[in-house]
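Observations on chain architecture
The primary structure of each chain is shown beneath.
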Amino acid sequence: MAHREEWKSTACILCSTNCGLQVQTQDGHFTRIKGDKTNPRSRGYTCEKPARLDHYQNHADRITTPLRRKPDGAFEAIGWDTAIGEIAAKLSTIRDTHGGEKILYYGGGGQGNHLGGAYSAATRRALGMRYASNALAQEKTGEFWVEGTMFGGRPEPDFEHAAVAVFVGKNPWHSHGFERARPILRDIARDSERHLIVLDPRRTETADLADIWLQVIPGTDAFVLAAMLKILLDEDRLDHPWLATYAHDGAELFAVLEQVPVAEYCARAGVPEGDVRRAARVIGCAESVSVLEDLGVEMAPHSTLNSYLEKLLYVLTGNLGGQGAMNFGTHMGKLIGSHRNNRTSPVGGHRIITGLIPCNAIPEEILTNHPDRFRAIFIESGNPVHSLADSPRMREALDSLECVVVIDVAMTETARHAHYILPAASQYEKVETTFFGGGFPRHTFLMRQPIFPMAEGTLTEPEIHSRLCRALGAFTDADLAELRQAAEEGLEEFGVTFQKAMGSNPKLAAILPVVLYETLGRSLGDGLEPAALLWGASQTLAAGEPASVQRAGFEGEGPELGNAVFRALLDHPNGVVITSDPYEITMERIGTDDRKIRLVIPELIQELADLVDEEPPKATDEYPFILAAGERRTSTANTIFRNPGWRRKDVDGALRMSPGDAERLGVEDGGRVRITTKRGSAETVVEVSDTLRDGHITLPNGHGLEYPDEEGNRRVVGAPPNELTSGEDRDWLALTPWHKHVRARVETVA
Ligand SMILES: Nc1nc2c(c(=O)[nH]1)N[C@H]1C(S)=C(S)[C@@H](COP(=O)(O)OP(=O)(O)OC[C@H]3O[C@@H](n4cnc5c(=O)[nH]c(N)nc54)[C@H](O)[C@@H]3O)O[C@H]1N2
Ligand SMILES: Nc1nc2c(c(=O)[nH]1)N[C@H]1C(S)=C(S)[C@@H](COP(=O)(O)OP(=O)(O)OC[C@H]3O[C@@H](n4cnc5c(=O)[nH]c(N)nc54)[C@H](O)[C@@H]3O)O[C@H]1N2
Ligand code: SF4
Ligand SMILES: [Mo]
């Protein structure tokens, strides 16, 4: 009988959708990859990208030994014990001299991994670190702040059932952001009863499918959204009884909206007034509406205001709670911190939103003589030198710090600036998961198990954090003896002992994740240790939402119910439906103090009113183009793949430009150009594309990484977008960068 390879269930790590995969492997390589039909959420769907995943697992930039930077800048290999010992010593010296809050934590997870970040909580407590940031604080924090203020929670769309789907600065055909995006988009487009509305200056693949495509002039969404709201008001399409029940009075907002000159705002945004009226009417009359915004408005002028106006579209029309509308789901572990938080950054006094310092503030909080400046940074699973605005300034900031520690799988642009680099096992060599949205009304959670043995010389992040905590003196084996004993006796016994220990021993409670890892984790079996934290998350979920968990088919109550969820996660690496909810529950999950929606956000009402006096964006002679720096394409996946050879198309990461602009510049498809902004310049090839307006150019994200070519020479392929961006062009409230709105000039090169 022919030998048949075993298929193993896992998930794609290339975007936040985390589609279920089935894979076969041989000799450390993926040999076959297909969508997992048994995954309850993705149901067999994948896009084209995971077929290339072997380029993540195997590449020339993988690091497999801890590295220490020598005074001459070169790295030397050191042992793990040396690395852990020296890092613990350096960071505790900084803590003892200046205070642990002078050590900034950055990262904690990418598109497919979050357990490292969750375990880092122990190391952070052990060192007294108080401040953190990650990539969410350069895209989603404005939106989080609005959602926190209005709802005290984060609603999620239900496009599968929505009568009307609205995308604001979002191209789900390529970027996804919800499960099975392409079939769902096609279904909506095909169904004459349903509508797809897209606000995007480029005729994207999603816009091509739309019933109504509003081709806004870049940066003018606030005008279109305000006009749509005013039309809803004029035509009295608000859901008054619903608003009276669930929302606070909106008089102050309505008074400002009353003043919106619809025709003029449409003209400023460059969209036909008739189309805007039709879009507003379709939304106002719909059975159900789901809306999703993304970088096109978050990384553009009026970022946080855009988020507010976008939410008002569905709230004023009563599209919160219900099939096809926006709903509040359950959470397995927390990805984001509390919405209620009045802290600010230590130097600049910038708002900390959901526990995160704005990414754009990081260099300012370092490059200063201010006594409260950061003196060290601990970076895990993030590549801020490449991914945050103004790469040169980020390099300068890192180089000025007393200690930079990086945990990564690869030698990255950021790792090159570290004093210590700790090599992590890859996301297919360890237990991992994400805490990204799990879906509503059925919430699917997937805990992956190792597909490959760990690369020699690497450790998992949970193990690294455990070793650091031990070296910092946060625990000893004696502290854990009783818990270890209990773990051997089973989950029930462990639960009781754990509860007692957390209540009576603050020293252990402070490093809870590592305690779970070292006790329950060690009892789960080789390689499964990191799963221990999900036992805690399962218990929290079962305690907080017992009825939702029971509706998903789990039996028992209290700790027994949590144990049932945890066992299911261990047994089903293809994903588990952990909660199931009726749509009505959404209104019970409004998390504001008095459980009512706030329609008025005073901080943003003034900005809305001031739009009236805003000059439309004007091109200048020096910088005639608006560059969208970082477009999602079939050939991009953040910086998860380092080998440019993963790309079949658009290998050089072309600058897209309209035919008219190309002709004026005298450049043809495939021709080379230099892009220059006030901050820097980069060379690339041109793709002439009739999807763009004149004056609007786009560059892909994730390009411009250094990687060895066939002769072993390190080469940068494509343009690194953040050599061109600046940290000062940003939202006033959330400090999100205007990456979609970078003024630029383009010149041909020979
Ligand atoms: N293939 C692929 N998918 C990905 C990723 C990836 O790297 N590659 N990254 C993932 C990540 S981290 C994220 S955050 C998401 C981002 O997902 P998206 O936000 O959907 O991705 P982008 O292509 O950056 O931007 C969306 C759209 O904004 C439009 N836009 C530009 N300027 C404006 C404007 O002024 N107004 C409006 N309304 N639109 C504008 C662009 O034309 C573009 O179509 O994608 C995720 N998915
Ligand atoms: N100009 C411009 N800049 C942008 C964007 C844009 O549109 N334009 N998009 C922004 C957005 S929305 C985002 S989300 C960010 C993304 O930027 P980052 O947050 O920097 O995320 P990734 O590129 O996904 O890189 C994650 C890092 O994790 C590492 N890694 C992979 N697996 C593991 C693992 O198992 N353990 C550890 N420890 N590390 C691992 C990778 O090698 C990589 O260094 O980029 C942002 N930057
Ligand atoms: S949609 Fe995202 S998670 Fe799904 S297969 Fe494509 S890249 Fe992977
Ligand atoms: Mo992102």
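Since the structure is predicted, the reported quantities are computational estimates derived from the model, not experimental observations. (Residues numbered from 1 in each chain as written. Chains lettered and ligands numbered in written order. Predicted model: local features only at pLDDT ≥ 70, side-chain atom pairs only at ≥ 80, totals over all residues. Heavy atoms only, no water.)

Side note on the site of ligand 1
- Among the 31 residues in the neighbourhood of ligand 1, the closest are listed as S175, D200, D221, T636 and K740.
- With respect to ligand 1, the side chain of D221 contributes an N or O atom lying 2.6 Å from a nitrogen atom.
- Contact between ligand 1 and T636: a nitrogen atom at 2.6 Å from a main-chain N or O atom of the residue.
- Here ligand 1, which alone exposes 910 Å², has 97% of that area covered by the protein.
- Contributing elements (two or more residues each) for the shell around ligand 1: α5 (172-175), α13 (295-298) and β17 (625-631).
- Broken down by element, the residue count for the shell around ligand 1 peaks at three residues, all from α13.
- A per-class count over the shell around ligand 1 returns eight nonpolar, 12 polar and 11 charged. (Near = heavy atom within 4 Å. Polar contact = N/O pair within 3.5 Å; in protein donor to acceptor, adjacent residues only side chain to side chain. Areas by Shrake-Rupley, 256 points an atom, 1.4 Å probe, with all protein chains shown as cover. Helix = DSSP H or I, 4+ residues; strand = E, 2+ residues; numbered from the N terminus. Nonpolar A, V, L, I, M, F, W, Y, C, P; charged D, E, K, R; others polar.)

Side note on the site of ligand 2
- Around ligand 2 there are 29 residues in total, and S387, D408, E461, A629 and T639 lie nearest to it.
- In the model, an oxygen atom of ligand 2 is placed 3.2 Å from a nitrogen or oxygen of the G630 main chain.
- Here an oxygen atom of ligand 2 sits 2.7 Å away from a polar atom, N or O, in the side chain of R632.
- Considered on its own, ligand 2 offers 910 Å² of accessible surface; in the complex 95% of this is hidden by protein.

Topic: helix α14 (residues 303-316)
- Between its first and last C-alpha, α14 extends 20 Å over 14 residues, near the 20 Å set by a 1.5 Å rise per residue.
- With 14 of 14 residues buried, α14 is to be regarded as a mostly interior element.
- One or two steps after α14, the chain reaches G318, where phi turns positive at roughly 70 degrees. (Expected span 1.5 Å × (residues − 1). Buried < 20%, exposed > 50% of the residue type's maximum accessible area, 1.4 Å probe, protein only.)

Things to note about empty space enclosed by the protein
- The tally for this structure, following the rule as stated, stands at four cavities of 30 Å³ or more.
- In this structure, the largest cavity encloses a volume near 220 Å³.
- Taken together, 20 residues line the largest cavity, and the ones lying closest to its centre are T17, N18, R41, T444 and L446.
- Take the lining of the largest cavity: its biggest share by element is three residues, from strand β15 (residues 442-445).
- Split by residue class, the lining of the largest cavity holds five nonpolar, 12 polar and three charged.
- No fewer than three residues from each of domain 1 (8-57) and domain 2 (67-137 + 335-580) sit in the lining of the largest cavity.
- Of the volumes computed, that of the second largest cavity is approximately 90 Å³.
- For the second largest cavity, the full set of lining residues is C12, L14, C15, T17, N18, C19, Y45, T46, C47, K49, P50 and H176.
- Of the residues belonging to the lining of the second largest cavity, the class tally is seven nonpolar, four polar and one charged. (1 Å grid on protein atoms, 1.4 Å probe; cavity = no way out; pocket = protein on both sides within 12 Å on 5 of 7 lines; lining within 4 Å. Points joined across faces, edges and corners; volume = space filled by probe spheres on them. Domains from an automatic or database assignment.)

As for the sheet that holds strand β4 (residues 67-69)
- Taken in spatial order, the seven strands line up as β5-β4-β14-β13-β12-β6-β7 in an open sheet, and their pairing is mixed. In the strand order of this sheet, the two ends are held by β5 (75-77) and β7 (131-133), each with one partner. In this sheet, neighbouring strand axes are inclined to one another by 20 degrees on average, regardless of whether the strands run parallel or antiparallel.
- In the sheet, strand β6 (residues 103-107) pairs with β7 via three bridges, with the strands oriented parallel. (Pairing = 2+ DSSP bridges. Axes fitted to C-alpha atoms, helices over the stretch in contact; angles between N-to-C directions.)

Remarks on the domain arrangement of the protein
- You can read the domains of the protein as domain 1 (8-57), domain 2 (67-137 + 335-580), domain 3 (160-320) and domain 4 (619-748).
- Here the C-alpha centroids of domain 3 and domain 4 sit 28 Å apart.
- On the domain 4 side, the residues contacting the 21 residues of domain 3 number 21 residues.
- When the area that domain 3 buries against domain 4 is broken down by residue, the three leading residues are R202, P218 and M299, summing to 35%.
- One can count two salt bridges joining domain 3 with domain 4.
- Between E631 and R202 there is a salt bridge whose closest N-O contact spans 3.0 Å.
- Our count for the contact surface shared by domain 3 and domain 4 stands at 12 residue pairs in polar contact (both at pLDDT 80 or more).
- Of all the secondary structure elements, the ones that give two or more residues to the side of domain 3 that touches domain 4 are α5, α13 and α14.
- Split by residue class, the side of domain 3 that touches domain 4 holds nine nonpolar, nine polar and three charged. (Contact = heavy atoms within 4.5 Å. Buried area = accessible area lost by both parts, 1.4 Å probe. Salt bridge = Lys/Arg side-chain N within 4 Å of Asp/Glu carboxyl O.)

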